[in-house]
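# Analysis of the macromolecular model
Listed here are the chains, written in short residue letters.
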Amino acid sequence: MRILIAEDNALLREGLAALLGSEGHDVVAAVGHGDELLPALLEHRPDVAVVDVRLPPTFRDEGLRAVVEARRRLPDLPVLVLSQYVERTYATELLAQNASGVGYLLKDRVGRADEFLEALERVAGGGTAMDPQVITQLMIRRAGDDPLAALTPREREVLALMAEGRNNSTIAQLLFLAESSVNKHIGSIFAKLGMPTPESGNRRVLAVLAYLRS
């Protein structure tokens, strides 16, 4: 894959480039400043971009704003966002455009190379890779205003794993359930949320994320 990296920490930026290069990927650009990101994305049009939310000069949301604008101009651009903390507002804004080809991971996941690479490949393929902690934050609603209140604890677990991008077989393994039980839980979730059962795993994940960001 052709990959662009945007990370102000030079050590992490070089580490990511080395990791990706060792896996046979081509790092087409590695930038460390918010002003460099959008031009680099438009010039290189990578297969996937790995972007820190907070970049110079203000270290607020330069990375996110550049990604949002780039995806307006290049709607199919896959992006894996990295953040030190769960930025609920930023995650919601990123998902507001189109959940296809979007990932949001906390930076400590980068240290788990296998998880990071798996998430990157999933996003590059048009799927979704959301950090479990991000999903938890997206599901937190004010008391008395919780649209997920009708779901059982088990259905919430299944929903969270669906939003991470897990397929039915993996969900069954992680929750020690039969795959047929997972299918029933998913059908119940969509019925309770007033959503038609999607035809494919990718559509299912996108529908769940669309609901969570609403």
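Everything below is about the structure shown above.
The notes below deal with the structure included here. Values in this document were obtained by computation on a predicted structure and should not be read as measured data.

About the criteria used
Residues numbered from 1 in each chain as written. Predicted model: local features only at pLDDT ≥ 70, side-chain atom pairs only at ≥ 80, totals over all residues. Heavy atoms only, no water. Axes fitted to C-alpha atoms, helices over the stretch in contact; angles between N-to-C directions. Helix = DSSP H or I, 4+ residues; strand = E, 2+ residues; numbered from the N terminus. Parallel < 35°, antiparallel > 145°, perpendicular 65-115°, else oblique. Contact = heavy atoms within 4.5 Å. Nonpolar A, V, L, I, M, F, W, Y, C, P; charged D, E, K, R; others polar. Salt bridge = Lys/Arg side-chain N within 4 Å of Asp/Glu carboxyl O. Buried < 20%, exposed > 50% of the residue type's maximum accessible area, 1.4 Å probe, protein only. Right-handed = clockwise from strand over helix to strand, strands pointing away. Pairing = 2+ DSSP bridges. 1 Å grid on protein atoms, 1.4 Å probe; cavity = no way out; pocket = protein on both sides within 12 Å on 5 of 7 lines; lining within 4 Å. Points joined across faces, edges and corners; volume = space filled by probe spheres on them.

When two helices pack together, you describe them by how their axes are tilted relative to each other and by the distance separating the axes. Helix α9 (residues 179-192) packs onto helix α8 (residues 168-175) with a crossing angle of 110° between their chain directions and a minimal axis gap of 9 Å. The angle between the axes of α8 and α9 places the two elements in the roughly perpendicular class. Side by side, α8 and α9 meet where N168, S169, I171 and A172 of the first sit next to E179, V182, N183 and I186 of the second. In the contact of α8 with α9, the residues fall into four nonpolar, three polar and one charged.

Our focus in this paragraph is the pattern of salt bridges. All chains considered together, the criterion is met by nine salt bridges. Between R65 and D61 there is a salt bridge, and its shortest N-O distance comes to 2.8 Å. Using a relative accessible area of 45% as the deciding quantity, one classes R65 as partly exposed. Given a relative accessible area of 18%, D61 falls into the buried group. Look at the salt bridges and you will find they share partners, linking E7, D52 and K107 into a network.

In this structure, the amide linkage connecting P56 to the following residue, P57, adopts the cis form with an omega of 15°. By secondary structure assignment, the location of P57 is in the loop between β3 (48-52) and α3 (62-73).

Among the five residues in strand β4 (residues 79-83), five count as buried, and that is most of the element. Going residue by residue along β4, you find V79, V81 and S83 tucked away on one face and L80 and L82 tucked away on the opposite face as well. For the segment spanning β3, α3 and β4, crossover handedness is right-handed. Examined bridge by bridge, β4 and strand β5 (residues 102-106) share five bridges and lie parallel to one another. Considered in β5, the bridge of L82 is made with L105.

Spatially, the six strands line up as an open sheet ordered β2-β1-β3-β4-β5-β6, and their pairing is parallel. With partners counted over all chains shown, the strands left at the sheet margins are β2 (26-31) and β6 (128-130), one partner each. Between one strand and the next, the sheet's axes are offset by a mean angle of 15°, whatever the strand orientation. Two strands pair when backbone bridges link them, and β5 and β6 are joined in this way by three bridges, in the parallel orientation.

The next point concerns the pairing of β2. Looking at chain direction, strand β1 (residues 2-6) and β2 are connected through five bridges and run parallel. Bridge pairing links I3 to V27 in β2. Following the chain from β1 across helix α1 (residues 10-22) to the adjacent parallel β2, one finds a crossover that is right-handed.

This part is about the layout of surface pockets. By volume, the largest pocket is sized at about 190 Å³. Along the walls of the largest pocket sit 13 residues, with L105, E115, R122, E164 and R166 positioned nearest its centre. Secondary structure elements with two or more residues in the lining of the largest pocket: α5 (113-124) and β6. Here the lining of the largest pocket gets five residues from one element, more than from any other, and that element is α5. Looking at the lining of the largest pocket, its residues break down into six nonpolar, no polar and seven charged.

Once that is clear, we can look at the packing of helix α7 (residues 153-164) against α9. Look at α7 against α9: their axes get within 10 Å of each other, and the N-to-C directions meet at 90°. The angle between α7 and α9 falls in the class roughly perpendicular. Two secondary-structure elements touch here, α7 through R154, E155, V158, L159 and M162 and α9 through H185, I186, S188, I189, F190 and K192. When grouped by side-chain class, the residues that make up the contact of α7 with α9 number six nonpolar, two polar and three charged.

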